[in-house]
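What follows is each chain in one-letter form.
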Amino acid sequence: MDLTALIPSFGNLAFTLIAFIIALTIIVAIHEYGHYIIGRLSGIKADVFSIGIGPVLAKKTDKHGTQWQIAAFPVGGYVKFRGDANAASAGVDEGAMAGLSDEERRHTMHGAPLWARAATVAAGPIFNFVLSALIFFAMAFHTGIATDPLTVEEVAPVSGLEALEPGDQILSIAGEETPSLDEFDGFVSRLPNESPVEYVVLRGGQEVTVEALHPFPPYVRSVTPQSAASDAGIREGDLILTVDGEPVSTFGDLRAIVGEGDGAALTLGIERDGEAISVDLTPRRVDLPLPEGGFETRWLIGIGGGLVFEPETRAPSFGEAVSTGVGQVGYIISSSLSGLWHMITGAISSCNLRGPIGIAETSGAAASQGLDSFIWFIAVLSTAVGLLNLFPIPVLDGGHLVFHAYEAVAGKPPSDRAMRVLLAVGLALILSIMVLGVTNDLFCP
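Residues numbered from 1 in each chain as written. Predicted model: local features only at pLDDT ≥ 70, side-chain atom pairs only at ≥ 80, totals over all residues. Heavy atoms only, no water.

### Observations regarding the nonpolar core
L164, I170, Y199 and F309 are the most contacted members of the largest nonpolar core, which totals 23 residues. Contributions of two or more residues to this core are made by β5 (169-173), α5 (184-189), β7 (197-203) and β8 (206-212). With residues up to four places along the chain from it excluded, the contact list for Y199 reads L164, I170, S172, I173, V208, T209, V210, A212, L213, H214, P215 and F309. (Core = buried A, V, L, I, M, F, W, Y, C linked by side-chain atoms within 4.5 Å. Buried < 20%, exposed > 50% of the residue type's maximum accessible area, 1.4 Å probe, protein only. Helix = DSSP H or I, 4+ residues; strand = E, 2+ residues; numbered from the N terminus. Contact = heavy atoms within 4.5 Å.)

As structure tokens, this is what we get:
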């Protein structure tokens, strides 16, 4: 056996693991820092702030008495507050609490007022949501917002677009006057399914008529990680010319062929960097969230399309960027909860739930597509981690918040015996979810 043949596989595995560790470390650090800083501001002292678990590799104690450390296994982290029996705040260290004055007990997790404990627990998931919103907020400034009138800023490097130039203002396409960008999607759907089409542009103060590709050809703007297209090696910037030898002119044509094929294998003829290549792939059934709620099951190959040229953009206003950031987080939360409910009811496949292997593979695939894609993935995963931690399951932050709510109503925390039983049940649930996720990673397509 030629061992050198394994080098690319090991390289891909290393890249995937590094991307996963970086993403997870950022998300965990933000989550735990939320617990730490709100706890400190609430008067609760922390003994340990750890990134990673297991043997300690490096540590330093700050002026507040908190030991900041990096541990050997970068698969999590924790904050151990004063008075905690363990890193999960799942019990009281009676030895440490014994003999403390009332003032000293106030600075422990279990001696602090209920509001301080609840705020400290809730801060972790909230900081995950804030991280995601800030990333989406920054992305809005990075990508900008297309401006009216529609003007070409950059032309995609594919054949059939040579007649368009940066700075061209698009006046009409295929004889139809170009509307405002708010109405552009409906306008494109009315264009003939053919390519090339006629453009009338304003260039240098003069109207010029040129022929170029349909504005929405089968041009690959993005590739979904862990999709049929990703596995087949399709790249951003590819132009799909044929499907099973038949020419396709628009992205709508490609979508229709894939959807009507009922999962049949396809051969795509692609133009890449001026060369013609052929790619074989098999579409996959995917459950997609609908804007009005619910899910739609479709056959997809996992590519995203878009205009074949980049329109000129403007920087969004602060309010537009905030709305984008918060709106994206809200959409991820609502679609995740909807997906979970539909899996529980059997409306969609449980294969939509992925475990650590699938998440690691997706992080590697996102990183391989560039920094923007990887940062976007971190934002999505951060929201997912925050949401998961709010589930009312003992051992998770949401479970602790349920205990605090019980204490607020009953005037006392649950008994030690009840806590032990509930924590055992919670741990069993989490392990079951992890087993299901890993099983899906290994056996689901």
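### A few points about helix α11 (residues 397-410)
For α11, with 14 residues, the first-to-last C-alpha span of 20 Å sits near the 20 Å given by 1.5 Å per residue. Every buried residue of α11 is accounted for by D397, G398, G399, H400, F403, H404 and E407. Just downstream of α11 lies G411, where phi reads positive at about 85 degrees. (Expected span 1.5 Å × (residues − 1).)

### Looking at unusual backbone geometry
Residue P149 is bonded to the preceding D148 through a cis peptide linkage, with omega at -10 degrees. Residue S195 is joined to P196 through a cis peptide bond whose omega torsion reads 10 degrees. Counting through the fold element by element, P196 comes out in the loop between α5 and β7. Notably, Q226 is not glycine yet its phi reads approximately 60 degrees, a positive angle. Along the chain, the position of Q226 falls in the loop between β9 (222-223) and α6 (228-232). Taking the relative accessible area as the measure of exposure, Q226 reaches 33% and is therefore partly exposed. A positive phi angle, close to 85 degrees, is found at V395, a residue other than glycine. Locating V395 in the fold gives a position in the loop between α10 (371-389) and α11. Take V395: its relative accessible area is 32%, and that puts it in the partly exposed class.

### A look at the pattern of salt bridges
Applying the stated criterion to the full structure yields 8 salt bridges. For E310, the salt bridge identified is with R221, shortest N-O distance 2.8 Å. Of the two residues, E310 sits in strand β17 (residues 309-311) while R221 sits in the loop between β8 and β9, which places them 89 residues apart along the sequence. On the accessibility criterion, E310 (34% relative accessible area) is partly exposed. Here D238 ties to R272 by a salt bridge, and the two come within 2.7 Å at their closest N and O atoms. Of the two residues, D238 sits in the loop between α6 and β10 (239-243) while R272 sits in strand β12 (residues 266-272), which places them 34 residues apart along the sequence. When sorted by exposure, D238 lands in the same class as R272, which is buried. (Salt bridge = Lys/Arg side-chain N within 4 Å of Asp/Glu carboxyl O.)

### Some details on the packing of aromatic side chains
Taken as a whole and judged by the stated rule, the model has 8 aromatic pairs. With centroids separated by 5.0 Å and ring planes inclined at 75 degrees, the aromatic side chains of Y36 and W68 adopt a geometry described as edge-to-face. One end of the pair, Y36, is in helix α1 (residues 7-41); the other, W68, is in strand β2 (residues 67-81), with 32 residues separating them in the sequence. Three or more aromatic residues joined by ring pairs make a cluster, and in this case those are Y33, Y36, F49 and W68. (Phe/Tyr/Trp six-rings, centres within 6.5 Å; stacked < 30°, edge-to-face > 60°.)

### Looking at the side chain of R117
Mapped onto the elements, R117 comes out in helix α4 (residues 114-143). At 2.9 Å, the side chain of R117 and the side chain of E407 are in polar contact. Those residues in contact with R117 that sit more than four places away from it in its chain are I44, M109, H110, A112, H404 and E407. (Polar contact = N/O pair within 3.5 Å; in protein donor to acceptor, adjacent residues only side chain to side chain.)

### Thoughts on the pairing of β8
In terms of strand pairing, β7 meets β8 through 7 bridges, oriented antiparallel. Residue pairing for β8: E198 is matched across the bridge by E211. The loop that links β7 with its antiparallel partner β8 comprises 2 residues; one of these, G204, has a positive phi angle of about 60 degrees. (Pairing = 2+ DSSP bridges.)

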